Amino acid sequence: MSNLPLQCKNLKEQVESILQLLQQEPTLRSQDITPVRTSLSKAISPKFEIVFAGAFSAGKSMLINALLERELLYSAEGHATGTECKIEYAEVDKERVILTFLSEAEIREQVASLCQQLGFKTVPNINQPDLINLLRQYSEAIIQQEGGESKSERAKQAKALMLLVEGYIANRDRINTVINATYPMEQFNFSNLKEAAGYARRGSNSAVLKRIEYYCNHPLLQDGNVIIDTPGIDAPVEKDAQLTYAKIQHPDTSAVVYVLKPAAAGDMTKEETELLELMRENGGVRDRVFYIFNRIDETWYNTQLRQRLDDLINGQFTNSRKVYKTSGLLGFYGSQIKQTSQQDRFGLDSVFTESIKGLDGKEETPQFVYAFNNYCVNSGKLSSTKFRVSVNGYETPNQNYVRILGDWGNELIEKLIQDSGTEEFRTAITRYLTEEKRPQLFKNLADDLEDICIKLKKHYQSVQRDLDSQPQ
Ligand SMILES: Nc1nc2c(ncn2[C@@H]2O[C@H](COP(=O)(O)OP(=O)(O)OP(=O)(O)O)[C@@H](O)[C@H]2O)c(=O)[nH]1
Ligand SMILES: [Mg+2]
């Protein structure tokens, strides 16, 4: 609120007084004032929540990492994000993570509900070790029966039950009976935000976590901007998906970055269309939606996908101003390897140390290296440029990668980042958040008030005319 112009200091009181005038007139009382109330609360709120939502594995977490140019959130194949993750601003030396756990009561409730759905006759006491083991065995047996953990609703429920029980056992001494216990990351011996993110990734820990809050130093987060990562709307764990639907409808949500997957899938899914409608119904969001067609790199290698995506955008999104095509993967790692050199083999020995570690000492190829080599020779992006690049069959993918970057270095990385579209998206959202957001929130309020003020004015004018026409 520190950024409010002087004449808006008492904005709340001033708007309230107008609404009171309205209340005093019986003929105007039925006027719907919800829009004014919503836009008032947005205009004076110190926080501005930007929710990243979309299908699972669309690349939401990776895109946030690309936006902030650091590896903050856990991103992986499969169901990766299981809990709401908030990222707020912090000064450089005050960066931290706070983890909030479910209470034992909440966990019991979830266990009971899952046991019931699975048709268990009794609900075990989660504090009795024998029963817990039994529960585990049952769940495992169900998953086997169904042929895999995501093969059916029943298998998913069994998997969820197993994770919940395991998470409870692993974190028992941190979980309180009735309240939601909160811990700073130091208590887990995490030395940085990334380690905390790894701990909280989808799995047994995230099953018992209620919320994760990151406090991170980045200019984009100044002025009360809060970035929120959510689980995929079609996540195999129903409870996780519900969390996202609830967040999209929540009045605190002020903007949405809708990360769409048709670039990889060819079309919008039923869930994606539903989510679109829900966010359009949220009066707190209005037109503050960024549509991101992520995984755009996949369309570079597939003409049919490219055509279908173009058709979709030209058909359904022609009137949307904020449409972007990105490759979070190339954009994020591009920004990371900018700081590397021949010495650490352009990140293989720094950024990618973990992912090249193979069994029996053989070096693995990181996902990014495959994507990079592919970009160089198959995407067509370099065909009419000065970059003459080849991928040799007699070299490993990692060797090709190091050689190509050794030849072309930063210039090629810059070109890659540019083609990834993430920079364009970052520039647009930065401009929006730093220049357009505040004036727009005030304009919304002014527009909503105008309607009411015109009605009041007309009403008073007619009262005055009435009075004038009467004998003095
Ligand atoms: N090819 C390609 N892969 C991507 C891109 N963005 C993300 N990925 C990969 O897709 C997988 C999922 O990425 P996440 O960032 O975890 O996706 P998410 O939407 O957060 O997924 P959930 O949290 O499970 O809902 C990871 O293996 C990423 O490396 C992209 O632009 N192109
Ligand atoms: Mg995620």
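Residues numbered from 1 in each chain as written. Chains lettered and ligands numbered in written order. Predicted model: local features only at pLDDT ≥ 70, side-chain atom pairs only at ≥ 80, totals over all residues. Heavy atoms only, no water.

A. Summary view of the coordination of the magnesium ion (ligand 2). Note on the magnesium ion (ligand 2): its protein donors are Ser-61 (OG) and Thr-81 (OG1). The metal-donor distances range over 2.0 to 2.2 Å. Of this pair, Ser-61 sits in helix H3 (residues 60-68) while Thr-81 sits in the loop between H3 and strand S2 (84-89), and the two are 20 residues apart along the sequence. By relative accessible area, Ser-61 is classed as buried at 7%. (Donors = N, O, S within 2.8 Å, 3.2 Å for Na, K, Ca; no water. Helix = DSSP H or I, 4+ residues; strand = E, 2+ residues; numbered from the N terminus. Buried < 20%, exposed > 50% of the residue type's maximum accessible area, 1.4 Å probe, protein only.)

B. Structural view of H3. Taken across its 9 residues, H3 has 9 buried, putting it largely inside the fold. Taken together, the buried positions of H3 are Lys-60, Ser-61, Met-62, Leu-63, Ile-64, Asn-65, Ala-66, Leu-67 and Leu-68. Glu-69 sits one or two positions beyond H3 and adopts a positive phi of about 55°.

C. Highlighting the pattern of salt bridges. Enumeration according to the criterion identifies 31 salt bridges in this entry. A salt bridge links Asp-267 to Arg-308; the nearest nitrogen and oxygen atoms lie 3.9 Å apart. One end of the pair, Asp-267, is in the loop between helix H10 (262-265) and helix H11 (270-281); the other, Arg-308, is in helix H13 (residues 303-316), and 41 residues separate them in sequence. Asp-267 gets classed as partly exposed once you look at its relative accessible area, which sits at 40%. One connected set of salt bridges, linked through shared partners, spans Lys-12, Glu-16 and Arg-37. (Salt bridge = Lys/Arg side-chain N within 4 Å of Asp/Glu carboxyl O.)

D. Spatial organisation of the pairing of strand S3 (residues 96-101). In terms of burial, S3 is a largely internal element, 5 of the 6 residues being buried. Bridge count for S3 against strand S5 (residues 209-216) is 6 bridges, and the pairing is antiparallel. Within S5, the position partnered with Val-97 by the bridge is Tyr-214. Here S3 runs beside strand S4 (residues 182-184); their pairing, made up of 3 bridges, is antiparallel. The residue of S4 that forms the bridge with Thr-100 is Thr-182. (Pairing = 2+ DSSP bridges.)

E. Summary view of the pairing of strand S8 (residues 289-293). Taking burial as the measure, the 5 residues of S8 include 5 buried ones, the bulk of the element. In the sheet, strand S7 (residues 253-260) pairs with S8 via 5 bridges, with the strands oriented parallel. What sits directly across from Val-257, in S8, is Phe-290. The pairing of S8 with strand S9 (residues 323-325) spans 3 bridges and is parallel. Among the inter-strand pairings, Phe-293 is bridged to a residue of S9, identified as Lys-325.

F. Spotlight on unusual backbone geometry. The phi angle at Ser-57 is positive, at roughly 70°, despite the residue not being glycine. Topologically, Ser-57 is positioned in the loop between strand S1 (48-54) and H3. Using a relative accessible area of 24% as the deciding quantity, one classes Ser-57 as partly exposed. A positive phi angle, near 50°, is found at Arg-345, a position not held by glycine. Position of Arg-345 relative to the elements: it lies in the loop between helix H14 (328-337) and helix H15 (353-356). A relative accessible area of 24% means that Arg-345 is categorised as partly exposed.

G. Here's a closer look at the nonpolar core. Core analysis: the largest hydrophobic core is formed by 67 residues, its most contacted members being Phe-52, Ile-87, Tyr-214, Val-257 and Phe-425. Per-element tally for this core: the top contributor is helix H6 (residues 153-170), with 8 residues. In terms of nonpolar packing, the next biggest core, distinct from the first, is built from 54 residues, Ile-296, Ile-356, Tyr-375 and Ile-417 among them. (Core = buried A, V, L, I, M, F, W, Y, C linked by side-chain atoms within 4.5 Å.)

H. Structural detail: the site of ligand 1. The environment of ligand 1 is formed by 24 residues, the closest being Lys-60, Ala-80, Thr-81, Asp-297 and Gln-367. Here an oxygen atom of ligand 1 sits 3.0 Å away from a polar atom, N or O, in the side chain of Ser-75. Within the backbone of Ala-80, one N or O atom sits 2.7 Å away from an oxygen atom of ligand 1. Burial of ligand 1 by the protein amounts to 96% of the accessible area it has alone, namely 660 Å². Where the shell around ligand 1 is concerned, the elements lending two or more residues are H3, helix H12 (297-300) and H14. It is H3 that provides the largest number of residues to the shell around ligand 1, a total of 3 residues. (Near = heavy atom within 4 Å. Polar contact = N/O pair within 3.5 Å; in protein donor to acceptor, adjacent residues only side chain to side chain. Areas by Shrake-Rupley, 256 points an atom, 1.4 Å probe, with all protein chains shown as cover.)

I. Highlighting the domain arrangement of the protein chain. Here the domain parsing of the protein chain yields domain 1 (9-44 + 421-466), domain 2 (46-102 + 186-199 + 209-327), domain 3 (106-170) and domain 4 (342-419). Averaged C-alpha coordinates put domain 1 and domain 2 at centres separated by 29 Å. Taken together, the contact between domain 1 and domain 2 spans 20 residues of the former and 28 residues of the latter. Roughly 2000 Å² is buried in total at the junction of domain 1 and domain 2, and carbon and sulfur atoms are behind 60% of that figure. When the buried area of domain 1 at its contact with domain 2 is split by residue, Lys-42, Phe-425 and Arg-426 rank highest and sum to 31% of it. Inspection of the region where domain 1 meets domain 2 yields 3 salt bridges. In this structure, Asp-448 engages Arg-286 in a salt bridge whose closest nitrogen and oxygen atoms are separated by 2.4 Å. At the junction of domain 1 with domain 2, the criterion picks out 11 residue pairs in polar contact (both at pLDDT 80 or more). (Domains from an automatic or database assignment. Contact = heavy atoms within 4.5 Å. Buried area = accessible area lost by both parts, 1.4 Å probe.)

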